[in-house]
Amino acid sequence: MTFCIHCSRNRLTGLSMLLMCLGLLCGTGQVAAESTQEFQGALTLDQAYTLALEHNEDIKASAQGIDQAREQLREATSPLLPQVNLSAQARRQKEHELNVSGLRDYATMTLGVSQHLYQGGKLWHSRKAASQSFAGEKSRHFRTVQDILFRVAAQYYEVLLAERSISVAREQITRTKRQLELADSRFEVGLVNRTAVLRAQVQVANAQEQLERAMNQRAVAMENLHLELGLQEMPEDIAAPQDMTFADQPMPALYAEALAKRLDLAELEKRLHAAHSTIQSEQANRAWPQLAVESGYTVTDEEALFQGDESDWHVALTASYDLFTGWRDTARVNVAQAENRQLKAEYTRLKQAVQVQVRSVYLDIKTQEKVLDSLRDQVQSAQANYEQIVAQFEEGLVSSVDVVDAQTALNEAELRLARAYYTYQLDQLRLRLATGTFVHDRVDQFLAKSKSYISE
């Protein structure tokens, strides 16, 4: 494409805007193409985890807590460092007869430096508490990411369950339509009455309704999965993960693993340490004097202010002790001690809850194993019974009511089996979450790349 270079300024401006728009459109198209290319093929659960780590807004919001804790640590560190300030003053006074010094209009500028020396360890304990709170915030964020990825897995399996429900509904439609055809043919030759045909039509309508509900269930589950991934668009197809088989472990081993790996327990431990340091900090403030050194250098445009000199300086060692603060320090110590007792109770409660969670999920898995075996047998029996009843109906040995009952029993058994199967798969991930091992390495690698997580 060639453009004429002999153009007016207005035409050049219009041409530039056109080129900019074309560039934006091309860029937008490239981004869309890259996005489409990224989502080619069926989405796997592993890819879903990766996308959630990159785009989930809850993860991004949780990470801000680490940044806040880091700044609080910086704030707690600042009193230990030299404090430098610069102040300037321009002064004008009312002129009156008693002003013997003659100073009326002058300006000063002062550079001051002070350094904390000793306060019974108060500031160091405060910094230690902030450092432990920062470490606890990182543990909290780690556990939050695990919880969010488990939500991703739960919605992923919800989509798979909906897809299986759709398959069951379609199989039910096929069966009911076959039954309708049989009823129609037998009605035409007078072997059944009109009621059998109407009953078959009702079964077809019910199967259609079941399909619509299953499709709606999948659409809702996909929307929830979109939300957990933090995406507006993604593939419509998802791949079923490999079947998981439960590797049985003794309950004490699972509980010990949970105590060692649960990051919410680690968070409370660090908060307990921080609370203890806070108590020490508040007690030091009440028991020890404050020692500091300060200095200042002042210059002025009025020599008479300093007896003919343009500048002045001073160095001072100060010691102070609060004799009475209206029981403020006592109240602060009591608050810190109460917080410490509260955290101890929460920590004990959480350990108990962890034990209950691990045991409950473990028992659910063992129960689901037995339920799955039973439901598989039920589906096989229901399938055999349905085929037998249909054959007998064709021969006129049973009524259409028996066929409807057989269809309903088979349909319900297949749905229960699907629900139990995906519950069993998800429960195994839930047990890993309860023991703190769920996607632990993946989250650790993700957070290791975050400077806000590894730095202090």
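Predicted model only: the values in this text are computed from it and were never measured.

### Considering a nonpolar patch on the surface
A contiguous nonpolar surface patch, about 900 Å² in accessible area, is contributed by V84, L86, M109, L111, V113, Y297, V299, W313 and V315. For the nonpolar patch, the element with the most residues is strand β2 (residues 105-118), which contributes three residues. Counting through the fold element by element, L86 comes out in strand β1 (residues 83-92).

### Describing helix α9 (residues 400-435)
With 36 residues, α9 should reach 52 Å at 1.5 Å per residue; the first-to-last C-alpha distance of 52 Å fits that figure. Directly after α9, the chain includes G436, whose backbone phi takes a positive value near 85°.

### Concerning the packing of aromatic side chains
Under the counting rule described, the total for this entry stands at six aromatic pairs. The interplanar angle of 55° and the centroid separation of 6.2 Å between the aromatic rings of Y157 and Y422 together place this pair among those described as tilted. Highlighted residues: Y157 in helix α4 (residues 122-188) and Y422 in helix α9, separated in sequence by 265 residues. In this structure, Y157 and Y422 share a single accessibility class: buried.

### Overview of the pattern of salt bridges
Under the defined criterion, the tally for this structure stands at 24 salt bridges. Here R74 ties to E71 by a salt bridge, and the two come within 3.5 Å at their closest N and O atoms. Separated by three residues within a single helix, R74 and E71 lie in helix α3 (residues 57-77), roughly one turn from each other. Overall, the relative accessible area of 53% leaves R74 in the exposed class.

### So, the packing of α4 against helix α5 (residues 194-229)
Between α4 and α5, the least distance of the axes is 8 Å, while the angle of their chain directions is 165°. By the criterion of interaxial angle, the relationship of α4 to α5 is roughly antiparallel. In the crossing of α4 with α5, the sense of the turn from one axis to the other is left-handed. In the contact of α4 with α5, the residues fall into 25 nonpolar, 11 polar and nine charged.

### Section: α5
In an α-helix there are 3.6 residues to a turn, and that puts residues three or four apart on one side. In this model α5 runs 53 Å from its N-terminal to its C-terminal C-alpha over 36 residues, within 8% of the 52 Å that 1.5 Å per residue would give. One or two steps after α5, the chain reaches G230, where phi turns positive at roughly 75°.

### A closer look at the sheet that holds strand β3 (residues 290-300)
The strands making up a sheet associate through hydrogen bonds between their backbones, and the pairing can be parallel or antiparallel. Taken in spatial order, the four strands of this open sheet run β1-β2-β3-β4, and their pairing is antiparallel. In this open sheet, the two edge strands, each paired with only one partner strand, are β1 and β4 (311-320). On average, adjacent strands in this sheet sit at an angle of 20° to one another, irrespective of strand direction. The pairing of β2 with β3 spans 10 bridges and is antiparallel. Residue pairing for β3: H116 is matched across the bridge by A292.

### As for the nonpolar core
Counting 39 residues, the largest nonpolar core has Y49, L149, Y157, L229, L429 and F438 as its most contacted members. Elements with a minimum of two residues in this core: α2 (45-55), α4, α5, α7 (263-287), α9 and α10 (440-448). Residues within four places of L229 in sequence aside, it is in contact with L43, A48, L51, A52, H55, N56, V152 and M234. Of all hydrophobic cores here, the second largest spans 23 residues; its members include L254, Y255, L272 and Y362.

### Some details on the packing of α4 against helix α8 (residues 328-394)
Where α4 contacts α8, the two axes come as close as 11 Å, and the packing angle between them is 15°. In this view, α4 runs roughly parallel relative to α8, as classed from their interaxial angle. Where α4 crosses over α8, the two elements pack in a sense that is left-handed. The segment α4 lies against α8, with R175, R178, Q179, L182, A183 and R186 engaging Y386, V390, F393 and E394. Residues belonging to the contact of α4 with α8 are distributed by class as follows: five nonpolar, one polar and four charged.

### Some thoughts on the environment of L291
Assignment of secondary structure puts L291 in strand β3. Sequence-wise, L291 and H116 are 175 residues apart; in three dimensions their C-alpha atoms are separated by 6.5 Å. Each residue touching L291, except ones within four places of it in the same chain, is listed here: H116, L117, Y118, T318 and A319.

### Remarks on a negative patch on the surface
Taken together, the side chains of E303, D309, E310 and D312 make up a negatively charged region of the molecular surface. With respect to the helices, strands and loops of the structure, D309 is situated in the loop between β3 and β4.

### Examining the confidence of the model for the protein chain
Mean pLDDT over the protein chain works out to 86, with 88% of the residues at or above the 70 mark. Looking at the elements of the protein chain, mean pLDDT is at its lowest for helix α1 (residues 9-38), recorded as 42, and at its highest for α9, recorded as 95. Note that residues 1-37 has pLDDT below 50 and, in this model, two contacts with residues that lie over four places away or in other chains.

### With respect to the side chain of S165
Structurally, the position occupied by S165 is in helix α4. Excluding anything up to four places from it in sequence, S165 contacts A214, Q217 and L415.

Rules used in this analysis
- Residues numbered from 1 in each chain as written.
- Predicted model: local features only at pLDDT ≥ 70, side-chain atom pairs only at ≥ 80, totals over all residues.
- Heavy atoms only, no water.
- Patch = residues over 30% accessible without salt bridge, like charges linked within 9 Å, V, L, I, M, F, W, Y side chains within 5 Å.
- Areas by Shrake-Rupley, 256 points an atom, 1.4 Å probe, with all protein chains shown as cover.
- Salt bridge = Lys/Arg side-chain N within 4 Å of Asp/Glu carboxyl O.
- Helix = DSSP H or I, 4+ residues; strand = E, 2+ residues; numbered from the N terminus.
- Expected span 1.5 Å × (residues − 1).
- Phe/Tyr/Trp six-rings, centres within 6.5 Å; stacked < 30°, edge-to-face > 60°.
- Buried < 20%, exposed > 50% of the residue type's maximum accessible area, 1.4 Å probe, protein only.
- Axes fitted to C-alpha atoms, helices over the stretch in contact; angles between N-to-C directions.
- Parallel < 35°, antiparallel > 145°, perpendicular 65-115°, else oblique.
- Left-handed = near helix turned anticlockwise from the far one by under 90°.
- Nonpolar A, V, L, I, M, F, W, Y, C, P; charged D, E, K, R; others polar.
- Pairing = 2+ DSSP bridges.
- Core = buried A, V, L, I, M, F, W, Y, C linked by side-chain atoms within 4.5 Å.
- Contact = heavy atoms within 4.5 Å.
- Lys, Arg positive; Asp, Glu negative; His and termini not counted.
- Charge placed at Lys NZ, Arg CZ, Asp CG, Glu CD.
- pLDDT = per-residue confidence, 0-100.

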